[in-house]
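Listed here are the chains, written in short residue letters.
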Amino acid sequence: QVPLVESGGGLVQAGGSLRLSCVASGRTFGTYGMGWFRQAPGKERAIVAGIPWSGGSTYYADSVKGRFTISRDNTKNTVYLQMNSLKPEDTAVYYCNQYDSVLIPTSFWGQGTQVTVSS
């Protein structure tokens, strides 16, 4: 298990921006990359964006394409999620986690960070 620490959430008005950070102290064998997931009240947790360890193409859910950007800084063991043009429907708890080749996350989750977008 790799400890994950998410931060950067908050309350923002629609149209605003936030940048989330995830510090991961290592990499689990067999995983394909690191991703951001979110869970809104009453909904299942789902992947939002992913970035492969290999440096290949990033993944974005259709709902965030063109608005969110995932990146990483290997020197800091940190993965970021830049979120622009936020919408009320982006309101959720955001988590980072490692995932496999079919975007399935590991079973180990951090505490997440709350993002609330007001209209």
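Predicted, not measured: the structure shown is a model, and the values here were computed from it.

Caption draft 1: Region of interest: the pairing of strand β3 (residues 18-24). Burial analysis of β3 places five of its seven residues in the buried class, the great majority of the element. Pairing of strand β1 (residues 4-7) with β3, which is carried by four bridges, proceeds in the antiparallel orientation. Looking at β3, one finds that leucine 4 is bridged to alanine 24. In this sheet, strand β8 (residues 78-83) lies alongside β3 in antiparallel orientation, the contact comprising six bridges. Looking at β8, one finds that leucine 18 is bridged to methionine 83.

Caption draft 2: The environment of valine 5, seen in detail. Tracing the sequence through the fold places valine 5 in strand β1. In this structure, the C-alpha to C-alpha distance between valine 5 and tyrosine 59, residues 54 residues apart in sequence, is 21 Å.

Caption draft 3: Up close: the pattern of salt bridges. The final tally for this structure, using the stated rule, is three salt bridges. For arginine 38, the salt bridge identified is with aspartate 90, shortest N-O distance 2.9 Å. Of this pair, arginine 38 sits in strand β4 (residues 33-39) while aspartate 90 sits in the loop between β8 and β9 (92-99); the two residues are 52 residues apart in sequence, bridging distant segments of the chain. Neither residue differs from the other here; arginine 38 and aspartate 90 are each classed as buried. Of the charged contacts in the structure, one is a salt bridge between aspartate 62 and lysine 65, with a shortest N-O distance of 3.1 Å. One exposure class covers both aspartate 62 and lysine 65, and it is exposed. Through salt bridges with shared partners, a single network forms among Arg38, Arg67 and Asp90.

Reading the values: the criteria
Residues numbered from 1 in each chain as written. Predicted model: local features only at pLDDT ≥ 70, side-chain atom pairs only at ≥ 80, totals over all residues. Heavy atoms only, no water. Buried < 20%, exposed > 50% of the residue type's maximum accessible area, 1.4 Å probe, protein only. Helix = DSSP H or I, 4+ residues; strand = E, 2+ residues; numbered from the N terminus. Pairing = 2+ DSSP bridges. Salt bridge = Lys/Arg side-chain N within 4 Å of Asp/Glu carboxyl O.

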